[in-house]
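# Examination of the molecular architecture
Single-letter residue listing:
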Amino acid sequence: MNMSHLYEITVIGGGPVGLFAAYYAGLRSADVLLVESLSALGGQTGNLYPAKTLYDIGGLPGISGQALIDQLKAQVAHFDPEIRTATAVSAITRTDDHFTLTTSTGTIETRTVIIATGGGAFTPRRLAVDYDPALDQQNVLYFVKDLEAFRDQTVAIAGGGDSAIDWALALTPIAKTVHLIHRRTQFRGLESSVADLQATSAQLHTPYLIDSVTAAGTQIDVRLKEVRGDAEKVLHVDKLLVNYGFMSDNKQLRNWGVALEHNAIKVDSQTATSIPGIFAIGDVATYPGKLKLIASGFGEAPTAVNEALALTYPERRQALHSTQLYH
Ligand SMILES: Cc1cc2nc3c(=O)[nH]c(=O)nc-3n(C[C@H](O)[C@H](O)[C@H](O)COP(=O)(O)OP(=O)(O)OC[C@H]3O[C@@H](n4cnc5c(N)ncnc54)[C@H](O)[C@@H]3O)c2cc1C
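Just so it is clear, the structure is predicted and the values come from calculations on it, not from any experiment.

## Quick look at the pattern of salt bridges
Applying the stated rule across the entire model yields seven salt bridges. With a closest N to O distance of 3.0 Å, Arg84 and Glu82 form a salt bridge. For Arg84, a relative accessible area of 6% gives the class buried. A salt bridge links Asp136 to Arg126; its shortest N-O distance comes to 2.8 Å. You can see Asp136 sitting in the loop between strand 9 (121-124) and strand 10 (140-141) and its partner Arg126 sitting in the loop between strand 9 and strand 10, a full ten residues away along the chain. We classify Arg126 as partly exposed; its relative accessible area is 47%.

## What to know about the site of the ligand
Taken together, the neighbourhood of the ligand is formed by 35 residues, with Glu36, Gln44, Tyr49, Lys52 and Asp283 sitting nearest. Interatomic distance of 3.5 Å between a backbone N/O atom of Gly119 and an oxygen atom of the ligand. For the ligand, the accessible surface in isolation is 1,000 Å², of which the surrounding protein chains cover 90%. The residue makeup of the shell around the ligand, split by class, is 14 nonpolar, 16 polar and five charged.

## Overview of the domain arrangement of the protein
For the protein, the assigned domains read domain 1 (6-122 + 247-324) and domain 2 (126-244). For domain 1 versus domain 2, the distance between C-alpha centres works out to 35 Å. Between domain 1 and domain 2, the contact holds seven residues from the first and six residues from the second. Across the interface of domain 1 and domain 2, roughly 560 Å² is buried in total on both sides, 61% from carbon and sulfur atoms.

## Description of the nonpolar core
The biggest cluster of nonpolar side chains holds 56 residues, and the ones touching the most others in it are Ile9 and Ile157. Sorting elements by how many residues they give to this core places helix 1 (residues 16-27) first, with nine residues. For this core, the domains that each give at least three residues are domain 1 (6-122 + 247-324) and domain 2 (126-244). Among residues more than four places away in sequence, those in contact with Ile9 are Ala25, Ala30, Asp31, Val32, Leu33, Thr110, Thr112, Ile114, Val305, Ala308 and Leu309. Among the nonpolar cores identified, the runner-up in size contains 20 residues, and Tyr7, Phe99, Ile108 and Ala280 belong to it.

## Let's talk about the packing of aromatic side chains
The description of an aromatic ring pair uses the distance of the two centres, along with the angle that the planes make with each other. Scanning all chains against the criterion turns up four aromatic pairs. Aromatic side chains Phe20 and Phe298 sit 5.1 Å apart centroid to centroid with 50° between the ring planes, which places their arrangement in the tilted category. Of this pair, Phe20 sits in helix 1 while Phe298 sits in helix 6 (residues 294-312), and the two are 278 residues apart along the sequence. Judged by relative accessible area, Phe20 falls into the buried class, the value being 16%. On the basis of relative accessible area, Phe298 is assigned to the buried category, the value being 18%. A connected cluster of aromatic rings, assembled from ring pairs, spans Phe20, Tyr23, Tyr24, Phe79 and Phe298. Across the ring face of Tyr49, the terminal group of Lys52 is positioned such that the distance to the ring centre comes to 5.5 Å.

## A look at the packing of helix 1 against helix 6
Between two packed helices, what matters for the description is the angle formed by their axes and the separation of those axes. At a closest axis distance of 9 Å, the pairing of helix 1 and helix 6 adopts a crossing angle of 35°. The hand of the helix 1/helix 6 crossing is right-handed. Contacts between helix 1 and helix 6 involve Pro16, Val17, Phe20, Ala21, Tyr24 and Ala25 from the former and Ile294, Gly297, Phe298, Ala301, Pro302, Val305 and Asn306 from the latter. Split into classes, the residues belonging to the contact of helix 1 with helix 6 amount to eleven nonpolar, two polar and no charged.

Reading guide: rules and limits
- Residues numbered from 1 in each chain as written.
- Predicted model: local features only at pLDDT ≥ 70, side-chain atom pairs only at ≥ 80, totals over all residues.
- Heavy atoms only, no water.
- Salt bridge = Lys/Arg side-chain N within 4 Å of Asp/Glu carboxyl O.
- Buried < 20%, exposed > 50% of the residue type's maximum accessible area, 1.4 Å probe, protein only.
- Helix = DSSP H or I, 4+ residues; strand = E, 2+ residues; numbered from the N terminus.
- Near = heavy atom within 4 Å.
- Polar contact = N/O pair within 3.5 Å; in protein donor to acceptor, adjacent residues only side chain to side chain.
- Areas by Shrake-Rupley, 256 points an atom, 1.4 Å probe, with all protein chains shown as cover.
- Nonpolar A, V, L, I, M, F, W, Y, C, P; charged D, E, K, R; others polar.
- Domains from an automatic or database assignment.
- Contact = heavy atoms within 4.5 Å.
- Buried area = accessible area lost by both parts, 1.4 Å probe.
- Core = buried A, V, L, I, M, F, W, Y, C linked by side-chain atoms within 4.5 Å.
- Phe/Tyr/Trp six-rings, centres within 6.5 Å; stacked < 30°, edge-to-face > 60°.
- Lys NZ or Arg CZ within 6 Å of the ring centre and 35° of its normal.
- Axes fitted to C-alpha atoms, helices over the stretch in contact; angles between N-to-C directions.
- Left-handed = near helix turned anticlockwise from the far one by under 90°.

Here it is as structure tokens:
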């Protein structure tokens, strides 16, 4: 690892958007480095919902989170850029005509920076009731790594948003029984998903809250209490999958000097931040009309790479279409 090397572009964040930006930088023959704080690439898609099927990526009628990340990794490997995992960036400092990044594994010198740190470090919102922590991972789950772990099992899913509905749809054909518990009568998912849900065999428990979770042999008893009512019921299940959303921590952004709006980096239509030479894309970037979707980030990545290179080499004209660049 050569610390005095000066990269043309450093992409911070190895989620789907950072991976695509690193690939696109390869297409433009840029000397690019990709830095990821976790030991695995993939961001939210690879870590939070690898088994979920995504239906809103152009050209892919349906692809699992993990398969999408595998495809992005295969794509980026074509240009074999330097990738440093388990390396968290803590500070960005302007030094003469370039930037110095302070990381958990040393410093990086780079002419330009593309920040693709998404929501930062993600942690799931936990159940509001106390339960034996020994049940975590065995019976009480906050992530799905492998759908097969639910085959022929009785599963309760807690939550009423997109993610809870997606899991109910994905697990109904695999599990023996699926219960879905939500504190409201209405679900907050995409209309088409809610309609699909109502056509499945999933048993809906609304409006109910989880009152307690206790061990019952190798299974658990999930006691439910009716919201604004007296009814109670107990579900005897193998697994409880909690989908109360995620909390993200993007505190480090405040130390990077770029202008923020509600914990996101403000960018213009060229993905430029308030500091020349630093660009931001994907979930971490905001502008009027911004949608936090992979498809939006995929659109922002080529803009950031081309703008970063135009800043470094104003005389170099860019080819627009990939056939002119692929080698
Ligand atoms: C449950 C769920 C379901 C979703 N479903 C869909 C869907 O169906 N379709 C869709 O388009 N979108 C969906 N999304 C949103 C989608 O996942 C995000 O839009 C996408 O992940 C954004 O990609 P990103 O690369 O910008 O950020 P992220 O995926 O958040 O990746 C950012 C990466 O940066 C790393 N990082 C953070 N800080 C640092 C640092 N200081 N140094 C180094 N690395 C750092 C993180 O570890 C992470 O790997 C879903 C999100 C969730 C939570």
